[in-house]
Number of protein chains: 2
Amino acid sequence: MFKLSTGFKAGLRALTILAQKGPKTPIPISELTRELSLSDKYLEQLLMALRRAGLVRSVRGANGGFLLAREATKITILDIMTALQGPLAFCDCEAKACGECVRPEIWDALELSMSSSLAMITLYHLASRDPVHVMAQSVVLPDSPVWQDGAGI
Amino acid sequence: MFKLSTGFKAGLRALTILAQKGPKTPIPISELTRELSLSDKYLEQLLMALRRAGLVRSVRGANGGFLLAREATKITILDIMTALQGPLAFCDCEAKACGECVRPEIWDALELSMSSSLAMITLYHLASRDPVHVMAQSVVLPDSPVWQDGAGI
DNA sequence: AATAATCCCAAGTAATCTTATAGGGTATAT
DNA sequence: ATATACCCTATAAGATTACTTGGGATTATT
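Below you will find a few notes about this structure. Owing to the predicted nature of the structure, the values given are computational and were not obtained by experimental measurement.

What follows covers the protein's contact with DNA strand D. Near DNA strand D you find 26 residues, and of these A:Glu44, B:Thr6, B:Lys41, B:Gln45 and B:Asn63 are the closest. Considering the 4 Å shell around the protein, atoms of DNA strand D inside it are sugar or phosphate in 60% of instances. In the environment of DNA strand D, a phosphate oxygen lies 3.1 Å from a nitrogen or oxygen atom belonging to the side chain of A:Arg51. Interatomic distance of 3.0 Å between a side-chain N/O atom of B:Asn63 and a sugar or linking oxygen of DNA strand D. For the surface near DNA strand D, the elements supplying multiple residues, two or more each, are helix H3 (40–52), strand S1 (56–59) and strand S2 (65–68) of chain A together with helix H1 (6–21) and helix H3 (40–52) of chain B.

Right, here's the structure in full:
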């Protein structure tokens with residue numbers, strides 16, 4: 001479950017290159033695809049999605065290309081996933097009220113929990129070689145009661 | 001991103017019914033599908049996956065049916081998602097070493113973080129009407145350095 | 001023993017989503 | 001001017017998900 005799309009992985013690798021090259025010179029698609037072994041047209045679509053999301057900006061014309069729209073420490077994994085794989089939403093029913101979602105408020109809680117995990121890792125963490133340590137993670141819920149023998153809920 | 005499959009949602013609703021009816025009498029598929037408006041054959045496949053995962057057990061023959069294999073407080077969302085949507089793995093490359101994954105150890109950290117969130121909510125939380133409070137959630141990483149103007153990483 | 005209820009197993013089809021390609025434009029630095 | 005590079009839309013192939021179909025094995029009840 002929760003597999004990353006190849007589009008996301010490809011876009012992320014492109015962003016990593018942009019982060020490593022620095023925020024000064026625009027990098028043309030052709031240079032990115034040379035390093036990534038992708039077709040220009042395919043990567044172009046991914047970069048356009050990233051641009052619409054405000055993560056990269058582009059310079060048109062000769063010597064143009066793409067660069068990060070802001071520093072790598074301010075671009076989170078959540079930002080990138082949202083741009084390339086859509087928003088984090090377990091169910092896209094209106095106001096979480098389709099008949100299929102048993103307790104929508106629990107989906108909300110889990111989405112929030114996952115979002116904050118994803119928002120704490122940035123493009124900097126991915127593009128650098130600095131060690132990463134996950135220190136703690138918790139979602140605290142009320143204790144479940146003891147199972148009543150023979151009883152339902 | 002991270003949408004729940006309809007199979008998962010259907011299986012979860014079936015589990016919710018089993019939890020509410022209690023652990024004594026087996027509930028036949030026909031009774032579950034009557035409440036859920038699903039075809040017997042479709043729900044059957046979902047229940048078989050849950051059975052293979054050890055979340056429900058079955059009683060064959062007349063008056064048979066399905067019941068929870070253990071108490072609802074001991075069945076986590078992670079268990080159910082794993083059974084119905086496969087294991088939580090961002091990339092299914094061997095040992096996280098395909099050329100597409102920039103920093104596999106970060107995927108490991110995020111998967112761990114998400115797994116613990118999903119493992120803290122149980123079928124009891126979903127099947128009951130008890131209020132649920134998400135109190136805290138955190139993944140702590142080293143601070144990102146300040147962006148060096150003009151420099152890459 | 002016969003019967004009806006029920007779980008068990010395996011394929012196969014239809015619908016949907018993802019991935020990737022292609023063609024034709026528009027803007028701009030040189 | 002012109003080459004470079006971004007911008008937009010359509011669509012076909014492939015993979016995945018959703019669902020159907022057909023039959024068989026097990027067991028409580030009569």
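Let us keep going from here.
This brings us to helix H2 (residues 29–36) of chain A. All names here are of chain A. When we look at burial in H2, the residues that qualify are Ile29, Leu32, Thr33 and Leu36. Buried residues in H2, looked at end-on, bunch into an arc of 95 degrees, giving them a common side. Residues of H2 that are buried in the fold lie against helix H1 (6–21), H3 and S2.

Here we come to the protein's contact with DNA strand C. Neighbouring DNA strand C are 28 residues, the closest being A:Lys41, A:Gln45, A:Arg60, B:Glu44 and B:Ser58. Between a base nitrogen of DNA strand C and a side-chain N or O atom of B:Glu44, the distance comes to 3.1 Å. B:Gln45 is positioned such that a nitrogen or oxygen atom in its side chain is 3.0 Å from a base nitrogen of DNA strand C. Every element with two or more residues in the surface near DNA strand C is listed here: H1 and H3 of chain A together with H3, strand S1 (56–59) and strand S2 (65–68) of chain B.

Rules and cut-offs
- Residues numbered from 1 in each chain as written.
- Chains lettered and ligands numbered in written order.
- Predicted model: local features only at pLDDT ≥ 70, side-chain atom pairs only at ≥ 80, totals over all residues.
- Heavy atoms only, no water.
- Near = heavy atom within 4 Å.
- Polar contact = N/O pair within 3.5 Å; in protein donor to acceptor, adjacent residues only side chain to side chain.
- Helix = DSSP H or I, 4+ residues; strand = E, 2+ residues; numbered from the N terminus.
- Buried < 20%, exposed > 50% of the residue type's maximum accessible area, 1.4 Å probe, protein only.
- Arc of directions from axis to C-beta.
- Contact = heavy atoms within 4.5 Å.

The analysis is restricted to geometry; functional conclusions fall outside its scope.
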